[in-house]
Amino acid sequence: HEKWTIQQSRNLAVEAEKRLAGGQTTEARMALETALRLNPTNAAALRTLAGIQTAQGQLPDAMKTWQQIVDAGALQFADIPPYARLAAETEDWQITKRLLDATQASDSPSLPHLLQAELSTIRGDLDEAERSLRLAYSLEKGRETRSALARFLLVHKNTPENSAEILALLRELSRDQSEL
């Protein structure tokens, strides 16, 4: 019976993802609630629920859901950026710092700096965000870092002094795209 319950919970989490992809948020949420009644530690259901809660502005509930993922021992490396963004948006700097520190174990040397830039932007510290992005770009001159730096400069630092650099980054991104 326990195996059946766990499998049903998994099936409902998959169904919720499909419904969410189809724009049926209410139905997705109902499937998730049932999945979690069957198995309160279903990490896939919890992740999807946290995403819905975040998208709907239910940030304290989303933080509780992420904590359930942590408590279940199911936090994955890919979970760190969305959880850290949410922690920063709710001004839970202790969790934000712990999550940011955890990115140091990444295979990507730029990831901790890209995440730091996002978190600094959320805090409103644009100078720190720019420093972090420039460091990420210097460590790894790939499409992700180039795009993040270009987007940041366009949105937050679009000045005549930066126009040549922004144009160069956009040209490089265009070349990246044509190579795909």
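Scroll up for the structure.
Treat the numbers as computed from the prediction; the structure is a model and nothing was measured.

(A) Structural detail: the packing of aromatic side chains. Taken as a whole and judged by the stated rule, the model has one aromatic pair. Note on W66 and Y83: the rings are 5.2 Å apart at their centroids and 15° apart in plane angle, and the pair reads as stacked. Of this pair, W66 sits in helix α4 (residues 59–71) while Y83 sits in helix α5 (residues 80–89), placing them 17 residues apart in sequence. Grouping residues by exposure puts W66 and Y83 together as buried. Sitting over the face of the ring of W93, R123 holds its NZ or CZ atom 5.7 Å from the ring centroid.

(B) Up close: the environment of A50. Tracing the chain through its elements places A50 in helix α3 (residues 43–55). A relative accessible area of 1% means that A50 is categorised as buried. Separated by 15 residues in the primary sequence, A50 and T65 have C-alpha atoms spaced 5.7 Å apart. Those residues in contact with A50, other than ones at most four positions away along the chain, are A62, T65 and W66.

How each quantity is defined
- Residues numbered from 1 in each chain as written.
- Predicted model: local features only at pLDDT ≥ 70, side-chain atom pairs only at ≥ 80, totals over all residues.
- Heavy atoms only, no water.
- Phe/Tyr/Trp six-rings, centres within 6.5 Å; stacked < 30°, edge-to-face > 60°.
- Helix = DSSP H or I, 4+ residues; strand = E, 2+ residues; numbered from the N terminus.
- Buried < 20%, exposed > 50% of the residue type's maximum accessible area, 1.4 Å probe, protein only.
- Lys NZ or Arg CZ within 6 Å of the ring centre and 35° of its normal.
- Contact = heavy atoms within 4.5 Å.

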